[in-house]
Amino acid sequence: MASFTLPPIHDNPDGGWGPSSSNIPEQFKFKDIPYAPYSKSDKLGRFADWNDTGDTRQTAVGLPSTRDARGQGRSRRDGAQAFGSGTASAFAYFHVEDESSFSLVDNKAAPPRRGGGFTRGRATGRGGMSFTNRGTVQRGGRGGFNNRGGAQRGGRKGWRDWEKTNRTRESSVAISPQWTMLEEIEFHRLAKLKLEVDEPEDIDTYGRVFAYDKSYDRITTKTERPLQLVDRIKYNTTTSDDPVIQQLVSKNVANVYTTDAILSVLMCAPRSVNPWDIVILREGNNLYFDKRDGGPFDTVTVNENASDPPQDPAPPNPNNPAEKTAVPEPPSINSATSLSLEATYINQNFGFQSVQENIAADFAHPNPFYGPEETEPLASCGYRYRVFDLGITEDEDVKICIRTEVDAYVPGPGNPQEGHGLVTIRALNEFDPRAQGAGGAPDWRSKLDSQRGAVVATEMKNNSCKLAKWTVQSVLAGADLMKIGYISRGNPKDNTRHVILSTASMRPTDFAAQLNVSLANGWGIVRTITDLCMKMPEGKYVLIKDPNKSVIRLYAVPMTAFTTEDEDAEGYEGDEPESAA
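Residues numbered from 1 in each chain as written. Predicted model: local features only at pLDDT ≥ 70, side-chain atom pairs only at ≥ 80, totals over all residues. Heavy atoms only, no water.

Caption draft 1: Just the layout of surface pockets, in detail. Put simply, the second largest pocket is a space of about 760 Å³. Surrounding the second largest pocket, 29 residues form its lining, K234, N236, F297, V300 and R426 being those nearest its centre. When contributions to the lining of the second largest pocket are tallied by element, the ones reaching two or more residues are α5 (260-267), α7 (336-353), β13 (422-430) and α10 (464-477). By residue number, the principal contributor to the lining of the second largest pocket is α7, which donates five residues. When its residues are assigned to classes, the lining of the second largest pocket shows ten nonpolar, ten polar and nine charged. (1 Å grid on protein atoms, 1.4 Å probe; cavity = no way out; pocket = protein on both sides within 12 Å on 5 of 7 lines; lining within 4 Å. Points joined across faces, edges and corners; volume = space filled by probe spheres on them. Helix = DSSP H or I, 4+ residues; strand = E, 2+ residues; numbered from the N terminus. Nonpolar A, V, L, I, M, F, W, Y, C, P; charged D, E, K, R; others polar.)

Listed below in structure tokens is the structure:
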């Protein structure tokens, strides 16, 4: 029977791990074999690189490499080298003499050199410099100098990137140190949310709408009409100040109350670039989504999603005495602030002008914001209060009441009070195709009739967020049609006179599909923010979009925040139109 005996164990007299160099048994024949040095600071890459075409063996033993002198054999990244490739390999065995003495004899005649001598008009060299007949220098390879005298580096960046200033935007509201940040959500997380919502329930209707003038659908660039200044009153009251919503709260119609303008910003948040903020008030079991007076909801943005959007001039540096004492220049008509005010003016007046005031349809109740002391005429506007069920299961009772707005109606067999033929009216504006911030838009006067698709595609790219918000508002209001006017300046240098070049008509649901607007994603965002606020104690909160990052943050603020006295004391900057979203 075989027996097993343990081999003799030689302890390390030095007290360390492993065998001692002074106590290695004689029967171990490998003690004099050298080993590859290794340092802890060396980078470990691949132990073996089977894809390496270079002659690393000759390099390892100190022979000259067969790679070409231009360094084309450098196929591996720096720092990702095979282990041990930088040290002399004492274990490798090569037929050094045979390999070094071998050579290939080529008896073919050498081909003539290309580009040798003088060529007519230019002199070229492979991989070198070419002197063109324009008198400029053109370098071979990617990038270099182009043949029109401009130094174009790399060819990968945008056009004239080095001239673009660092675009840092200011927040739509000054964040006080007393505020507490409760949550931070990135846009890519919001884009993954989804919630299917059923058809809403109509609670009540208020206001009066006029008939849409169909002659505006037949306007072309050759039969343009001037945009007129129409003096009408249109209210944009926030949620908490709405008397109808206060009545509905007393009847416990829903848990969440807001307006379509506020909700569309939240539903289209992943598309937004400019900063915005929503004031959230929790009282008992109810939530109110409010806006600030003079905040970003009162103005319309221009080319917000363009790669090079309009910019405002940088404010003077308070630490620079020269800038501090300089007289501030008047803002340019193509700055972000001026364009935002111009777009708001165009939107309002186009909606007032494109209706027939002699044909009207009254809703169930008169306008709730029009007092008896008002003398100026009301604009065409109808309010529909609708309730959407956001519950995931039948046991959940999460309902949101929204005040939606429609601007006109199309006369037909249906009754506008029941939601038939309702229309929302919006306007896109062209300022100067050659100005900074135009976003590469084509000239509307020459392209709108012949290449409308190119104009629409450019607007969908440059104003993706604005068009998405308009579409969501139309869907929430239950409008059958959405009218978008194309309005341009009479003179690119004059922002006071405008002309109507065309009017497009589309169904909101179809346009949402073209814009790739997901209402299910928007409802998922609303439900997520609602659940987040419902977990918080009663109080006032503010949801702020970061001015320079794709992030929204929820802050807990004092109950006195955003009141008139508090704004005067703290000097909030939210009423500046450049922060419009």
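Caption draft 2: Quick peek at empty space enclosed by the protein. This model, assessed by the stated rule, comprises two cavities of 30 Å³ or more. Roughly 80 Å³ of internal volume is contained in the largest cavity. The wall of the largest cavity is formed by N303, N429, E430, F431, D432, P433, A438, A441, W444 and E459. When grouped by side-chain class, the residues that make up the lining of the largest cavity number five nonpolar, two polar and three charged.

Caption draft 3: Seen up close, the pattern of salt bridges. Applying the stated criterion across every chain yields a total of 19 salt bridges. A salt bridge links R384 to D202; the shortest N-O distance between them is 3.0 Å. With R384 in strand β10 (residues 381-389) and D202 in strand β4 (residues 201-212), this pair connects stretches of sequence that are 182 residues apart. A relative accessible area of 40% places D202 in the partly exposed class. The partner of E405 in a salt bridge is R403, and the shortest N-O contact between them spans 4.0 Å. In this pair, the class of E405 matches that of R403, namely buried. Several salt bridges share partner residues, and in doing so they unite E184, D546 and R553 into one network. (Salt bridge = Lys/Arg side-chain N within 4 Å of Asp/Glu carboxyl O. Buried < 20%, exposed > 50% of the residue type's maximum accessible area, 1.4 Å probe, protein only.)

Caption draft 4: Main features of the environment of D231. Note on placement: D231 falls in the loop between β5 (225-226) and α4 (243-250). For D231, a relative accessible area of 51% corresponds to the exposed category. When residues no more than four places from it in sequence are discounted, the contact partners of D231 are E376 and P377. (Contact = heavy atoms within 4.5 Å.)

Caption draft 5: Spotlight on the nonpolar core. Of all hydrophobic cores here, the largest spans 62 residues; its most connected members are L266, I278, I280, I400, W523, I529 and L543. Per-element accounting of this core gives the leading share, six residues, to helix α12 (residues 519-534). Aside from chain neighbours lying at most four places away, what touches I529 is I185, L266, I280, F289, L543 and I552. Among the nonpolar cores identified, the runner-up in size contains 17 residues, and V244, L248, L281 and Y385 belong to it. (Core = buried A, V, L, I, M, F, W, Y, C linked by side-chain atoms within 4.5 Å.)

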